[in-house]
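Take a look at the letters that make up each chain.
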Amino acid sequence: MPGAGNLTMAQEIDRVALNRRLEFYRDLGIKTLWSGPSAGSASSQPETAAEPPPVALPATETTANALAPQNQRIVPIQVNSPLPPMLPEDDNLERIVQDMGDCTRCRLGRTRQRIVFGSGNPEARLVFVGEGPGADEDEQGLPFVGRAGQLLTQMIDNTAAREGLAIRRPDVYICNVIKCRPPENRTPEADEMEVCGQFLFRQIMVIRPKAIVALGGTAAKALLDLKTGITKARGQWHAWRDIPVMPTYHPSYLLRPYNQNAKRECWEDLKKVLHFVYD
Ligand code: SF4
């Protein structure tokens, strides 16, 4: 194997391609990659607690294995691996749905009824991102259709109407960090969000909205890697890549009767976002 300073042209090209790919995954927020012959097989579970962290590469980039630093474990993957390809120029929502298939890339695939991909205007200027589907969503395959969803619809429709903006829920796009319901509506685990996050990030990159609203602490953490809680983070603009993100409360939190102040604050956040996006 040639030393790092003595690469052939082909190896140098592979090295550049490898770095670009790893950078792409980092941009997607994917810290742990995993490999497997097909979705749903025993070997297709996420690799966790591996030290040093696994790095997955397409099988075609074999030369890159030879170039990997000795302390990095390279896991070749098969052609039908569920790993995301480099974001294709012509990526679109249908293609992401196709790539997901009958996804069982994480444990939530074993207990859900339906994948809840997202709904709304595929060219929306505003995207709302929640945590994950609940029971109603799991049953219908649509995001935010339960009580919290009805509140979200009212918030969008009423706030826009009051502010003189001709915007209603179907004009925006709504999805979640994870696409399958966690049992008992528990908070998604970090590895589930990492694995499923690839689909959210592709959705956002395809839609390229002018702004994103992160509904609740889990969505804010997934998008922004925030160290502070939602109470501190809400009401201020943050950014995911170059897209402004407004964290605010999740509608299910607002349904609790003692949260009137939070409700008011959330309405203020939404007002700010709607004017920013649609004025
Ligand atoms: S939560 Fe996401 S990664 Fe996990 S099975 Fe569902 S679609 Fe696949």
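Residues numbered from 1 in each chain as written. Predicted model: local features only at pLDDT ≥ 70, side-chain atom pairs only at ≥ 80, totals over all residues. Heavy atoms only, no water.

(A) The arrangement of the sheet that holds strand S4 (residues 126-130) in detail. Across the sheet, which stays open at both edges, the six strands sit in the order S3-S5-S4-S6-S8-S7 with mixed pairing between neighbours. Looking at strand neighbours, the two that pair on one side only are strand S3 (119-120) and strand S7 (238-240), the edges of this open sheet. In terms of strand pairing, S4 meets strand S6 (residues 211-215) through four bridges, oriented parallel. Looking at the pairing, Phe 128 lines up with Val 213 of S6. Of the strands in this sheet, S4, strand S5 (173-176), S6, S7 and strand S8 (243-248) are in contact with helix H6 (residues 190-207), which crosses S5 at around 165 degrees. (Pairing = 2+ DSSP bridges. Helix = DSSP H or I, 4+ residues; strand = E, 2+ residues; numbered from the N terminus. Contact = heavy atoms within 4.5 Å. Axes fitted to C-alpha atoms, helices over the stretch in contact; angles between N-to-C directions.)

(B) Local environment of the nonpolar core. Counting 61 residues, the largest nonpolar core has Leu 126, Phe 128, Val 129 and Leu 223 as the members making the most contacts within it. Setting aside chain neighbours within four positions, we find Leu 126 in contact with Val 172, Tyr 173, Pro 209, Ala 211, Ile 212, Val 213, Val 273, Leu 274, Val 277 and Tyr 278. (Core = buried A, V, L, I, M, F, W, Y, C linked by side-chain atoms within 4.5 Å. Buried < 20%, exposed > 50% of the residue type's maximum accessible area, 1.4 Å probe, protein only.)

(C) Structural context of the confidence of the model for the protein chain. For the protein chain, per-residue confidence averages 81 on the pLDDT scale, and residues scoring 70 or more make up 73% of the total. With pLDDT under 50 throughout, residues 34-83 is counted as low confidence; its partners more than four residues away or in other chains account for 90 contacts. (pLDDT = per-residue confidence, 0-100.)

(D) Geometry of the side chain of Arg 202. Along the chain, Arg 202 falls in helix H6. According to the relative accessible area criterion, Arg 202 is buried, its value standing at 1%. Here the side chain of Arg 202 touches Asp 99 through a polar contact of 2.8 Å, side chain to side chain. (Polar contact = N/O pair within 3.5 Å; in protein donor to acceptor, adjacent residues only side chain to side chain.)

(E) Just the packing of helix H5 (residues 147-162) against helix H10 (residues 260-278), in detail. The N-to-C vectors of H5 and H10 enclose an angle of 55 degrees; their axes lie 10 Å apart at closest approach. Relative to H10, the element H5 lies oblique. The interaxial crossing formed by H5 with H10 has right-handed handedness. Of the residues in H10, those touching H5 at Leu 151, Met 155, Ile 156, Thr 159, Ala 160 and Arg 162 are Cys 266, Trp 267, Leu 270, Lys 271 and Leu 274. (Parallel < 35°, antiparallel > 145°, perpendicular 65-115°, else oblique. Left-handed = near helix turned anticlockwise from the far one by under 90°.)

(F) Inspection of the packing of aromatic side chains at higher detail. Here the structure, examined in full by the defined rule, presents three aromatic pairs. A centroid spacing of 5.4 Å and a plane angle of 10 degrees characterise the contact between Phe 201 and Trp 240, whose relative ring orientation is stacked. Placement of the pair is Phe 201 in helix H6 and Trp 240 in strand S7, with a sequence separation of 39 residues. Residues Phe 201 and Trp 240 agree in their burial class; the two are buried. A centroid spacing of 4.9 Å and a plane angle of 50 degrees characterise the contact between Trp 237 and Phe 276, whose relative ring orientation is tilted. In this pair, Trp 237 is assigned in the loop between helix H8 (230-233) and S7 and Phe 276 in helix H10, connecting sequence segments 39 residues apart. A relative accessible area of 34% places Trp 237 in the partly exposed class. Stacked on the ring of Phe 117, the Lys or Arg Lys 179 has its end atom at 5.9 Å from the ring centre. Over the ring of Phe 276 we find Lys 210; its NZ or CZ atom is 5.0 Å from the centre of that ring. (Phe/Tyr/Trp six-rings, centres within 6.5 Å; stacked < 30°, edge-to-face > 60°. Lys NZ or Arg CZ within 6 Å of the ring centre and 35° of its normal.)

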